[in-house]
Structures are given as structure tokens and as C-alpha cells.
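Listed here are the chains, written in short residue letters.
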Amino acid sequence: VWPKHRPGAIPEAIPEIEDGEVPLPATVTAENADDMMNLLEAASLRILMARKHVSDKSIKDETLERNERNKADDQKDAKGKGRGKGKHKPNAELELVPFEGTAFKKARTVLWSTCPLADHRSEAGKKDAHNLKSLVETHRNGMFQVFGAYVMPQQAPLSMVMQHLASLCSNTEVEPGVANVTTGSQLHEDLKTCWAHLAEHLPNVPPEKTAEHAEALAKLRSLPCVAVASEDVADRPMDVTTLTLPKFAFFQLPLLKGSEAN
């Protein structure tokens, strides 16, 4: 499916390979270009089966279910092994979408409430097609840079991740300013991935683009989005992680010594 290196088209230099990806040929031939144009045209059409949340209720239902399920269950669903009797049934609607703006694999963790989630698989018991799997596993950067699809969490737009985090926190709020999440659940993993993503990318936002995220940040400040440890745990279950408003949280700073303390 992805344009291959043609006999006779010798690359000027061997491209650097990152994360085990298979690089595109450095030399562009007419045949390569034709393949890519056909591929881009196909990717722009609604040919991909995906799941998409179309209502706040379905997002809340999914949030609460993920709060009851563990990480192993999520991995089974991703491999298509969680569809039997008594297994998890997706709350999102099935529809056809283009590649652009669709989340695959680990990117779904930080985007599942905000964009379509790839669910392109064969019927139960039948072998999935190899071509799409090959694209997702060996051309993760290409899927993002060429098609606009999200495969890795770090490719997710900050605004969408903040919107997703706000949705998770508001749907787990048990009282004003307090939310409870089951420790080790799918939802807990979602939150940890969102926090890691924002911690890595928010500080690097250029000053001229901070206004784009101001509204989303203001919304997060009004929601219980910070995990805290309480000294008074006598009346709290041990398997629950408590979230509170950022303004009520105390952050433990590293102890500075010597010249660093001046």
C-alpha cells in the first residue's frame, strides 16, 4: 500500500530510521509519486471504520465503564478479544471516516472522547487485513505527517487532549471540586497519559500561541484534575485515587541543598 522503493531508483542517502519505522525512498520517481497521489486520494475518502462518541451521555457511560475495567481488559479490546458474551460493548457509534483526524493505537488513550477511534477490523474469527496494520505499525510518523492521523500520544493536539482531560474529570466528579478514580483502571491510565502529555508539551508552547489554549486551561482549573494524596485516609478506600482542583493541591518541591538553596 505505502509507496515502495522501485528497482533502478537508488536513494542518494539512507534515511535515518526512528522507532523501528521503515523509511520512504529518498528518490522520488514518477511511479512513486503516482502511488502516493492515489494513496492520498483514498485516505481522504470515508473508507475507514471507526467509533465516535456523538453525545455527552455516551462519553460519560464510557468514562464510568473504563473506571471499572483494568488495563488488561483494554489491551484485549484493542486486539479484538473483548467482544464476546459479557464483554465490553463500545458506547461510541460505528461510522465511516477518512484517515485525517482519526486516532489509532496508543493515541486513543488521550483522544477517545474527542475524535473518531479506528475500529477497522474483520468479523470475529476472521483474519484482519495486513495492509492497514503494516501502515500503523511501521509508518507511524508517516500516518501523522502525510495523512493527519494520530498513532502515538505525542502527536495529539494539545487543545484536544485538554478537552479530553476536562471531559474525564467532569464525568468522575462525586462532589464539587472532588473526583474519584479507581487506581489501576483503564480510566486511571487515561488520566496518567494525559497528564504526562500536558507536562511535556504545555511548557513548550510558543508565547504567540498561548492564547489558543487559554480557554481550555481555564476550564481545567475549574475541574478536579490534579491527583492528590490525603493524610486523612481512614474513611477513603485504598484503591481510589482522589482528584481535586489545582488551587487546593499542594505540590511537593524537591529539597534544595547548598548553592541551589540560595
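This one's a predicted model, so the numbers in the text were calculated from it and none came from an experiment.

K.L.:
I keep staring at the pattern of salt bridges and nothing clicks. Help me out?
P.N.:
Note that side chains of opposite charge can pair when their charged atoms are close. Tallying each qualifying case throughout the model produces five salt bridges. When the shortest N-O distance is used, the salt bridge between Asp 61 and Lys 57 registers 2.8 Å. Of this pair, Asp 61 and Lys 57 both sit in helix H2 (residues 56-66), four residues apart, roughly one helical turn. By relative accessible area, Asp 61 is classed as partly exposed at 25%. Owing to a relative accessible area of 59%, Lys 57 belongs among the exposed residues under this scheme. For Arg 66, the salt bridge goes to Asp 190, with nearest N and O atoms at 2.7 Å. Highlighted residues: Arg 66 in helix H2 and Asp 190 in helix H7 (residues 186-201), separated in sequence by 124 residues. Overall, the relative accessible area of 8% leaves Arg 66 in the buried class. Among the residues examined, Asp 190 registers a relative accessible area of 1% and is labelled buried. Salt bridges sharing partners connect three or more residues here, namely Glu 62, Arg 66 and Asp 190.

K.L.:
Is there a simple way to explain the sheet that holds strand E2 (residues 93-97) in this structure?
P.N.:
Pairing between the strands of a sheet is mediated by backbone hydrogen bonds and can be parallel or antiparallel. Taken together, the three strands give an open sheet; going across it, the order is E2-E1-E3, and neighbouring strands pair in antiparallel fashion. One side of each edge strand has no neighbouring strand; the edge strands of this open sheet are E2 and strand E3 (117-118). Pairing between strand E1 (residues 48-52) and E2: five bridges, direction antiparallel. Following the sheet pairing, Ala 50 is matched in E2 by Glu 95.

K.L.:
Where do I start with the side chain of Ser 113 in this structure?
P.N.:
The topology assignment puts Ser 113 in the loop between E2 and E3. Looking at Ser 113, its side chain comes within polar contact range of the side chain of His 164, at 2.6 Å.

What counts, and where the lines are drawn
- Residues numbered from 1 in each chain as written.
- Predicted model: local features only at pLDDT ≥ 70, side-chain atom pairs only at ≥ 80, totals over all residues.
- Heavy atoms only, no water.
- Salt bridge = Lys/Arg side-chain N within 4 Å of Asp/Glu carboxyl O.
- Helix = DSSP H or I, 4+ residues; strand = E, 2+ residues; numbered from the N terminus.
- Buried < 20%, exposed > 50% of the residue type's maximum accessible area, 1.4 Å probe, protein only.
- Pairing = 2+ DSSP bridges.
- Polar contact = N/O pair within 3.5 Å; in protein donor to acceptor, adjacent residues only side chain to side chain.

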